[in-house]
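So the chains spell out like this:
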Amino acid sequence: MSAAQLRGALARLRDIGRILRERRAADVHAALADVLDAWCAPASPWQSALADALPAVSGFSAEMVREGLARGLAPYTGSALHALVRDELGGPERQDATRGPRVTGFASAATVLAGAIPLPTFVAISAPLALRTPVLVKPSMHDPVSAALFARSLAARDPLLGACVEIASFDRDDAASLAALCEAECVVATGSDVAVAAIGRCFEASRAHSASAPRRFVGYGHRSSLAMLGLGATRGDALATTAAAIALDVALWDQLGCLSPLAVHVVGADRGAAGRVAEALADALAAAEERWPRGDIGPAVAAAIAHERAEAEMRDATVFASRGTEWSVVCEANAQRRSAPLHRFVRVQPSTSVEACLAALRPRGGQLAAVALAGFGAETAEIGAALAELGASRVCAPGALQSPPLGWPRDNLRVLLPLARFGEVECE
Amino acid sequence: MSADPGRASLDARALAWLRESPGSWRCDEARFAALALDLFSFQFEHCAPYRRFCERRGRTPERVAQWREIPAVPAGAFKEMALRSFPAEREAHLFRTSGTTSERRGALHLDTLELYEASLLASFMRGVLPDLAPGGRARIRVLTPSPREAPDSSLSHMFGVVLHKLGDAASGFDVQGGALQVDELVIALEKATADGVSVALCGTAFAFVHLLEAFAERDVRIPLPPGSRVMETGGFKGRAREMPRGALYLGIEHALAVAPERIVNQYGMTELGSQFYDSVLCDPSRARRKFAPPWTRVRLIDPETGEDARPGAPGIVTIIDLANTGSVLAIQTADLGRAIEDGFEVIGRELGAEARGCSIAADEMLAR
């Protein structure tokens with residue numbers, strides 16, 4: 001799409017947005033809720049269509065995509081959307097209010113998506129629409145299908161909502177097109193810190209040309225997740241259960257999402273615990289590979305995995321690994337941060353105490369997305385709070401990482417609030 | 001040579017090979033295999049971390065019958081531990097890999113520089129100055145700091161040796177205090193042009209980017225005399241700016257009138273005793289490829305199988321270098337390469353290296 005075409009799309013969206021805002025917010029939410037329900041239903045034809053299309057373009061395996069979509073979309077229900085509107089905006093009536101507290105969106109929004117994991121696409125489109133803000137979506141080169149399919153499902157339920165979403169595909173190096181996209185009143189960018197910062201700069205540059213309209217930039221940068229296990233999760237039946245749950249978290253989306261655990265921190269004074277966890281996790285990842293095979297990787301990724309395995313061997317770490325590069329578990333001697341080749345490569349790292357583990361995590365607290373927590377008994381809530389204080393936007397049980405609620409405050413930001421403008425009409 | 005009698009004997013055999021005239025290089029499989037296996041036995045015995053690594057893989061000297069079975073150490077291990085096959089107290093020199101202060105840097109520990117210097121000279125002559133008459137000297141300008149300024153840089157050391165052994169009186173370094181000395185370099189190049197003396201201009205790819213920018217700012221072009229050549233090395237990892245190699249070569253051609261076919265890329269690593277040069281000057285009639293000195297072997301390993309990659313398919317560049325007598329002879333690099341005729345090309349880490357995650361940066365995959 002050229003810069004001129006993008007400007008045309010934004011102009012169309014601003015026009016259609018005026019019509020959308022004439023509708024009651026509750027009606028918009030109801031239509032959106034219906035669409036979300038249509039997607040999250042177990043036999044959803046939309047979900048099935050995406051599961052059929054995504055593997056070919058993303059490189060993910062069909063089995064993994066099907067499982068990932070089923071688990072990831074399950075919490076994205078219509079009722080979850082209504083709850084989100086109530087929690088974050090104070091209810092739909094505030095969007096229609098002519099006096100007192102009122103909330104509104106922007107004339108147009110543009111969202112830049114990254115990666116091949118489709119779930120953020122649903123939130124990226126639904127959130128502005130819930131605020132009656134039409135949205136221009138630039139899909140990732142790795143997933144050109146999810147946004148288009150979701151837009152089609154919106155149009156099938158409500159043509160006006162469908163018309164409020166336009167898909168903009170252009171090369172990521174096309175500076176003119178990016179500049180045109182950044183003329184939207186609200187720009188939301190997801191990606192690496194470098195990419196998000198570049199889009200932010202582009203947005204700031206375009207602000208100079210249209211200073212009169214209210215404008216906002218929202219960036220979601222690099223994050224990663226981990227698991228933290230107390231000794232209670234490292235013995236007996238709990239060990240196998242926990243390992244299977246973490247293997248699921250790792251296997252879904254091939255460990256490429258910000259909610260994918262890169263490391264498992266084993267906390268406690270039992271020197272054999274990390275080894276037990278590593279061995280159990282290796283068994284669980286082998287089983288996961290049978291059910292949800294890892295997707296394609298290029299030779300550079302395979303080389304990085306082979307290199308990391310060899311480096312681990314050199315420093316006497318214990319390596320459990322598949323014959324090829326399908327999965328790897330490295331049992332390290334300490335909690336020192338190490339590189340993450342991803343694609344189902346997990347490090348198991350011991351810490352002698354919760355305090356020591358938190359201290360090791362502190363330098364990367366700002367990049368923490370979620371932590372899967374188990375085996376701490378009565379201490380769980382307290383440790384969860386400490387992790388949230390450190391920067392985690394989500395603390396949950398192993399096995400739940402890839403099924404975040406619709407209201408998950410990704411990057412410690414609420415879902416709707418960053419896209420909303422609040423006002424107070426005090427006069428009668 | 002090493003003070004250890006066992007090592008001294010191995011060093012002598014290696015040195016004899018390294019000092020043979022580059023013009024007489026030929027592949028001698030039996031000689032390579034014999035020295036490689038003897039060196040492996042020695043290093044297995046004297047380098048404890050390497051011995052443990054080999055034992056874990058079941059590759060002891062008794063079980064390794066061919067040089068292809070010698071386990072290769074990942075280059076990253078040089079950041080984690082001292083891989084030396086001699087007692088620490090005999091350490092005479094230490095080279096460190098490049099990197100920022102916050103990054104752990106790899107280190108090559110040496111008890112002698114003799115092999116290192118013999119190897120670098122032979123390869124440089126073959127790759128960059130194949131037309132230099134025996135005993136002759138060339139005009140060489142170098143865009144790196146001198147060894148005095150960067151004593152732990154193997155690249156600076158290499159150029160120091162090259163200038164000492166092969167440079168004429170007007171040769172020298174053009175980086176001081178971390179800055180390219182553009183004015184001095186311009187004077188030196190203009191003098192060479194006025195004298196009609198061809199120049200070998202050498203440096204890191206990043207230094208050449210600086211040079212091109214400085215020339216562009218000053219609106220300077222210095223067409224170097226016929227016979228001049230450029231040697232560039234290194235990538236842009238950790239640098240704020242990057243330039244594709246094709247664009248760099250075009251820029252060099254524009255600024256210095258050195259055609260791309262006279263620009264030689266060198267592939268080298270601090271951890272290696274030997275370097276690998278493009279064939280464009282020593283074998284200009286055939287495809288550009290990197291050639292391996294006869295005391296080295298380059299294997300391209302399929303990361304999925306651990307075996308040799310199919311012909312033409314990318315593989316991990318793994319090097320067996322008989323000049324590495326003091327550390328470990330077999331090193332698995334972090335780079336991908338592809339075979340070309342009797343040589344290879346390095347294709348870096350690009351293929352498929354981009355993350356597909358929703359917000360995981362590709363560079364994080366490789367960050368330490």
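From a predicted model like this one, the values you see are computed outputs, not experimental measurements.

S.K.: Any details on the domain arrangement of chain A? Residues and values, ideally.
M.R.: The figure often quoted for interface size is the accessible area lost as the parts come together. Residue and element names in this part refer to chain A. In terms of domains, chain A is made up of domain 1 (3-222 + 409-425) and domain 2 (224-396). Computed over C-alpha atoms only, the centres of domain 1 and domain 2 are separated by 32 Å. Counting residues at the interface gives 15 residues for domain 1, matched by 14 residues for domain 2. Looking at the side of domain 1 that touches domain 2 residue by residue, the classes come out as 4 nonpolar, 6 polar and 5 charged.

S.K.: Tell me about the sheet that holds strand S5 (residues 186-190) of chain A, residues and numbers included.
M.R.: Working definition: the strands of a sheet are paired by backbone hydrogen bonds and lie parallel or antiparallel to each other. All names here are of chain A. Spatially, 5 strands are ordered S4-S3-S2-S5-S6 in an open sheet, and the strand pairing comes out parallel. Sheet topology places strand S4 (165-167) and strand S6 (216-220) at the edges, where each strand pairs with a single neighbour. Neighbour to neighbour, the strand axes of the sheet diverge by 15° on average, direction disregarded. Bridging between strand S2 (residues 109-112) and strand S3 (residues 135-138) involves 4 bridges; their strand directions are parallel. From the neighbouring strand, Thr-111 faces S3, where its bridge partner is Val-137. Strands S3 and S4 of the sheet are contacted by helix H8 (residues 146-157), whose axis makes an angle of about 150° with S4.

S.K.: Requested: an account of the sheet that holds strand S10 (residues 328-331) of chain A, with residues and values cited.
M.R.: Residue and element names in this part refer to chain A. Across the sheet, which stays open at both edges, the 7 strands sit in the order S9-S10-S11-S8-S7-S12-S13 with mixed pairing between neighbours. One side of each edge strand has no neighbouring strand; the edge strands of this open sheet are strand S9 (318-321) and strand S13 (394-396). Direction aside, neighbouring strands of the sheet carry axes that sit 20° apart on average. Pairing analysis gives 4 bridges linking S9 to S10, with the strands arranged antiparallel. Opposite Val-319, over in S10, you have Val-330 as the bridge partner. The strands touched by helix H12 (residues 236-251) are strand S7 (224-229), strand S8 (261-267), strand S11 (345-351) and strand S12 (368-374); relative to S8, the strand with the most contacts, the crossing angle is about 155°.

Criteria and thresholds
Residues numbered from 1 in each chain as written. Chains lettered and ligands numbered in written order. Predicted model: local features only at pLDDT ≥ 70, side-chain atom pairs only at ≥ 80, totals over all residues. Domains from an automatic or database assignment. Contact = placed C-beta atoms within 7 Å. Nonpolar A, V, L, I, M, F, W, Y, C, P; charged D, E, K, R; others polar. Pairing = 2+ DSSP bridges. Helix = DSSP H or I, 4+ residues; strand = E, 2+ residues; numbered from the N terminus. Axes fitted to C-alpha atoms, helices over the stretch in contact; angles between N-to-C directions.

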